[in-house]
Amino acid sequence: MSERAVLHVKGRVLVGPDEVRSELWVVDGRISYDRPVGARDIRTVDGWVLPGLVDAHCHVGLDRHGAVPADVAEKQALTDRDAGALLLRDAGSPSDTRWTDDRDDLPKIIRAGRHIARTRRYIRNYAWEVEPEDLTAYVAQEARRGDGWVKLVGDWIDRDLGDLSACWPRGAVEAAIAEAHRLGARVTAHCFAEDSLRDLVEAGIDCVEHATGLTDDTIPLFAERGVAIVPTLVNIATFPALADGGESKFPRWSAHMRRLHERRYDTVRSAYDAGVPVFVGTDAGGSLPHGLAADEVAELVKAGLPPVEALAAGTWAARTWLGRPGLEEGAPADLVVYDSDPRADVRVLADPRRVVLNGRVVG
């Protein structure tokens, strides 16, 4: 074997919540647990090691007004990377970010295509806006364009009602989700309120974003069907300000948003206690900045998840759910190194010592 430069990572390698190794080696950008023969220029990194964090709900290439130029999208991705988030599920974007796949210094992105919303029932310039009769065709289109996910807008404010309401009739979502599954894609949906959830779950949806409208009636249904939630609690924290801004025009909606915010922690804890899969996502890229995965893990702990479970929701369990490897033999060396054990205090995640992406120390 010819001589090769390698990275030696030692300390406490958290392969899983209970599986700890003392070291790993990075050769040609991939993980090995065997010391390589003929290694040269060995660089050593010490500390507590996790697989790269996962932000399972963000939007690279998007800001509050719509699509952004490539240089702005690059900064968003770099911000996530430097915060240790090396696997992103982009939950809807009007931008084409495929160019990032050719950059080995940027996080890996799993795309859900562009949001699909009801006409005039979502943020301007974000989504394809269609009527129910066209939903299946647009879902098929985005299933082919994405990376195994499609994103629906399940509810939004109905200005005639002055409150949140479901966007799609039951038959339309049943047909659309069936078509996505036929094409090998999973479906997720933005949902704040209560009244869209049962139809979406019974229609076969795979995940719900935010899920603030979960109740004692629908939580058992989610658990029974194995439907995951990505609570985005760092985003739900903005509900009071949104409610204040809409008070004069939509008082009913404002009151509803405040109620959803007030019970947000109880909602997430009840879902977790019932066995609903919970994963880390920040909703960065709309009105929120990128780089907030550590904050979201801390929010899940505040909601009542055990620290190790909150950590898993943004690392080991999230990678398994998304079908991507962690710190496995032969996997791409995407990992983050910390000064102390993040299982003992998840706040450690906010201050990575080193970030390694595709085997290179990038931060």
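Residues numbered from 1 in each chain as written. Predicted model: local features only at pLDDT ≥ 70, side-chain atom pairs only at ≥ 80, totals over all residues. Heavy atoms only, no water.

Asks: I would appreciate a short explanation of the pattern of salt bridges in the present structure.
Replies: Close approach of charged atoms allows side chains of opposite charge to pair. Tallied over the full model, the rule gives 27 salt bridges. Its salt-bridge partner being Glu 202, residue Arg 170 comes within 3.1 Å of it at the nearest N-O pair. Here Arg 170, found in helix α3 (residues 170–182), pairs with Glu 202, found in helix α4 (residues 197–202); they are 32 residues apart in sequence, far enough to count as distant. For the salt bridge of Arg 269 with Asp 273, the shortest nitrogen-to-oxygen distance reads 2.6 Å. Highlighted residues: Arg 269 and Asp 273, both in helix α9 (residues 264–274), separated by four residues, approximately one helical turn. According to the relative accessible area criterion, Arg 269 is partly exposed, its value standing at 32%. (Salt bridge = Lys/Arg side-chain N within 4 Å of Asp/Glu carboxyl O. Helix = DSSP H or I, 4+ residues; strand = E, 2+ residues; numbered from the N terminus. Buried < 20%, exposed > 50% of the residue type's maximum accessible area, 1.4 Å probe, protein only.)

Asks: Any chance you could explain the packing of helix α2 (residues 135–145) against α3 here in plain terms?
Replies: Pairs of packed helices are described in terms of their axes, by the angle between the two and the distance that separates them. Between α2 and α3, the least distance of the axes is 8 Å, while the angle of their chain directions is 25°. One finds that α2 runs roughly parallel with respect to α3. In the packing of α2 onto α3, the handedness of the crossing is right-handed. Residues Leu 135, Thr 136, Val 139, Ala 140 and Arg 144 of α2 form the contact with α3, whose own contacting residues are Ala 172, Val 173, Ala 175, Ala 176, Glu 179, Ala 180 and Arg 182. Here the residues of the contact of α2 with α3 are counted per class, giving eight nonpolar, one polar and three charged. (Axes fitted to C-alpha atoms, helices over the stretch in contact; angles between N-to-C directions. Parallel < 35°, antiparallel > 145°, perpendicular 65-115°, else oblique. Left-handed = near helix turned anticlockwise from the far one by under 90°. Contact = heavy atoms within 4.5 Å. Nonpolar A, V, L, I, M, F, W, Y, C, P; charged D, E, K, R; others polar.)

Asks: Whenever I open this one, a positive patch on the surface confuses me. Can you help?
Replies: The grouping of Arg 120, Arg 124, Arg 159 and Lys 249 at the surface amounts to a positive patch. Tracing the backbone through its elements, the reader meets Arg 159 in the loop between β13 (155–158) and β14 (163–166). (Patch = residues over 30% accessible without salt bridge, like charges linked within 9 Å, V, L, I, M, F, W, Y side chains within 5 Å. Areas by Shrake-Rupley, 256 points an atom, 1.4 Å probe, with all protein chains shown as cover. Lys, Arg positive; Asp, Glu negative; His and termini not counted. Charge placed at Lys NZ, Arg CZ, Asp CG, Glu CD.)

Asks: Before we go on, may I ask you to explain the nonpolar core in this structure?
Replies: Where a protein is soluble and globular, its nonpolar side chains tend to be buried together. Within the largest apolar cluster, 87 residues are counted, with the highest numbers of intra-cluster contacts made by Leu 135, Ile 205, Phe 222 and Leu 300. Apart from residues no more than four positions distant in its own chain, Ile 205 is found in contact with Ile 177, Val 187, Thr 188, Ala 189, Leu 200 and Val 227. Ranked by size, the runner-up nonpolar core spans 15 residues in total, among them Val 15, Leu 24, Ile 31 and Ala 333. (Core = buried A, V, L, I, M, F, W, Y, C linked by side-chain atoms within 4.5 Å.)

Asks: I keep staring at helix α10 (residues 293–303) and nothing clicks. Help me out?
Replies: Among the residues of α10, those classed as buried are Ala 293, Ala 294, Glu 296, Val 297, Glu 299, Leu 300 and Ala 303. Buried residues along α10 sit in contact with β5 (53–58), β8 (85–90), α6 (233–236), α9 and α11 (307–312). Where α10 ends, the next residue or the one after it, Gly 304, has phi of about 120°, a positive value.

Asks: What exactly am I supposed to notice about α9 here?
Replies: At 3.6 residues per turn, the α-helix brings residues three or four places apart onto the same side. For α9, the set of buried residues is Arg 264, Tyr 265, Thr 267, Val 268 and Ala 271. Here the buried residues of α9 occupy an arc of 165° about the axis, which is enough to place them on one side. More than 90 degrees from the buried face of α9, the exposed residues found are Asp 266 and Asp 273. Where α9 is buried, its residues touch α5 (219–225), β17 (228–230), α6, α8 (251–262) and α10. One or two positions beyond α9, positive phi appears at Gly 275, with a value near 95°. (Arc of directions from axis to C-beta.)

Asks: Explanation requested: the sheet that holds strand β9 (residues 108–111) in the structure shown.
Replies: By definition, the strands of a sheet pair up through backbone hydrogen bonds, in either a parallel or an antiparallel sense. One open sheet accounts for three strands, arranged β5-β8-β9; its pairing is parallel. Only two strands of the sheet have a single neighbouring strand rather than two, namely β5 and β9. Across the sheet, the mean angle from the axis of one strand to that of its neighbour is 20°, orientation sign disregarded. Looking at chain direction, β5 and β8 are connected through four bridges and run parallel. Bridge assignment links Leu 53 to a residue of β8, and that residue is Ala 85. (Pairing = 2+ DSSP bridges.)

Keep in mind these values describe shape, not function.
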